[in-house]
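Commentary on secondary and tertiary structure
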Amino acid sequence: MRRLFTFLVVVAALASGGVLWWLNQSLSMRAAPVDLAVEPGTLPRAVAQAVADAGVQVNPLLLYWWFRVSGEARQIKAGSYELELGVTPRSLLRKLVRGDEALRAVTLVEGWTFDQVRAALLKAEHLRPTIRGLAPDLIMKSLDRPGLHPEGRFFPDTYTYAKGSSDLAVLKRALRAMDKRLEAAWAQRGSDTPLKTPDEALTLASIIEKETGRASDQAIISAVFSNRLRIGMMLQTDPTVIYGLGDKFDGNLRRTDLQTDTPWNTYTRSGLPPTPIAMPGKSALLAAVQPAPSKALYFVARGDGTSEFSADLAAHNRAVNKYQRGQK
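Residues numbered from 1 in each chain as written. Predicted model: local features only at pLDDT ≥ 70, side-chain atom pairs only at ≥ 80, totals over all residues. Heavy atoms only, no water.

Turning to the overall build of the chain, a few remarks are in order. Counting its secondary structure elements, the chain contains 14 helices and 8 strands. Its C-alpha atoms give the chain a radius of gyration of 29 Å, more than 25% over the compact-globule value 20 Å for 328 residues. Each principal axis of the C-alpha distribution contributes one length, and for the chain these read about 95 × 40 × 35 Å. Out of the 328 residues belonging to the chain, those deemed buried represent 42%. Within the structure as shown, the chain displays about 17,400 Å² of accessible surface, and the carbon and sulfur contribution to it stands at 52%. Across the chain, the centroid of the 42 positively charged side chains sits 5 Å from that of the 32 negatively charged ones. (Helix = DSSP H or I, 4+ residues; strand = E, 2+ residues; numbered from the N terminus. Rg over C-alpha atoms; globule rule 2.2 N^0.38 Å. Buried < 20%, exposed > 50% of the residue type's maximum accessible area, 1.4 Å probe, protein only. Areas by Shrake-Rupley, 256 points an atom, 1.4 Å probe, with all protein chains shown as cover. Lys, Arg positive; Asp, Glu negative; His and termini not counted. Charge placed at Lys NZ, Arg CZ, Asp CG, Glu CD.)

Counting 46 residues, the largest nonpolar core has V106, L121, F154, L171, I208, F225 and L285 as its most contacted members. Elements with a contribution of two residues or more to this core: α6 (114-123), α7 (136-142), β6 (158-162), α8 (167-187), α9 (198-211), α10 (215-231) and α13 (282-289). Discounting residues that sit within four places of it in the chain, V106 has contacts with A120, L121, A124, D157, T158, Y159, Y161 and V170. L23, A52, V56 and A73 belong to the second-largest nonpolar core, a separate cluster that totals 28 residues. (Core = buried A, V, L, I, M, F, W, Y, C linked by side-chain atoms within 4.5 Å. Contact = heavy atoms within 4.5 Å.)

Turning next to the environment of A296. Relative to the helices and strands, A296 is located in the loop between α13 and β7 (298-301). For A296, a relative accessible area of 5% puts it in the buried group.

To continue, consider the pairing of strand β2 (residues 34-38). Burial of the side chains of β2 is restricted to one face: V34, L36 and V38 are buried, whereas none of D35 and A37 on the reverse face is. In the sheet, β2 pairs with strand β4 (residues 79-83) via 5 bridges, with the strands oriented antiparallel. When the bridges of β4 are listed, V38 appears paired with G79. (Pairing = 2+ DSSP bridges.)

Moving on, we come to unusual backbone geometry. Geometrically, the link from A32 to P33 is a cis peptide bond, its omega value of -5° lying close to zero. Looking at the element boundaries, P33 is found in the loop between β1 (28-29) and β2. Despite not being glycine, H126 has its phi angle at roughly 60°, a positive value. By the element assignment, H126 lies in the loop between α6 and α7.

Moving on: the layout of surface pockets. Considering only enclosed or pocket space, the largest pocket measures out at about 1,000 Å³ in volume. What lines the largest pocket is a set of 32 residues, among which Q236, D238, Y267, F299 and V300 lie closest to the centre. Of all the secondary-structure elements, those providing two or more residues to the lining of the largest pocket are α9, α10, α11 (238-245), α12 (255-259), β7 and α14 (313-323). T113, D115, E151, Y243 and G246 are the residues nearest the centre of the second largest pocket, which is lined by 16 residues in total. Its residues assigned to classes, the lining of the second largest pocket comprises 8 nonpolar, 4 polar and 4 charged. (1 Å grid on protein atoms, 1.4 Å probe; cavity = no way out; pocket = protein on both sides within 12 Å on 5 of 7 lines; lining within 4 Å. Points joined across faces, edges and corners; volume = space filled by probe spheres on them. Nonpolar A, V, L, I, M, F, W, Y, C, P; charged D, E, K, R; others polar.)

Written out as structure tokens, the structure reads:
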């Protein structure tokens, strides 16, 4: 009887035009904003009840009949919504039909390690933590990449997500984005590249990313490492040593650190390290496969964010004296 009565009220309101007034009236809330979760497969009647249960002061039966009368009840989309003060029955239905979810964003920064990625996801607002405490190999298994090292495998970018989404879902999107970026870069590789696989390009790109944040220098730094790889010369790049030290690195790189062997120490081991050391961005990926035309084998920081490049050791030593030791 109650449902029939409510239906008759709606019909009467339609006849009198009063429903037009109600449809455009702001709905009261116990507190704003109101978080509303609509699970897949939720029927319109249950959606209306969920709105009331979430804290919107509205008769759920009246709201349900509005969904029905509108002819759009079956177009309501599942999702996570945020209802602000001022929402009306009309604007509420429009939001639900459009699937206008409440989105948040998390930014993964170029040059970050996987540990930094995990920390950012853990701090992200309204992102459901599912990988907390999981070992990296279990995370990669959950992403359908068993046996793959996670370092460098996620593309640095800003990712939006609906409230309540999982951190694993964001990682999956970043993983697929890196797959596409790496595939695109590898397709543009130079014919004389010493790199044999896309994975080697990813590893080199990660080193380039850590060596400089200046896109203008990345291609020539790539040339230095590519030239060294061609002649079998050790890469001798500090970021790989730092990565290999892990938590033992205290911010100061010492001579003993350069002599401490790890799988990533390019002062003690030839060739590329076994995995990337960070997340490279688009420009570093492209630089790895398209090095600048240069015979440089050395570079040293000038102290202003740029580098001095040299083709022989004597010129390099002069540059070191000038820019690192202050000698003319």
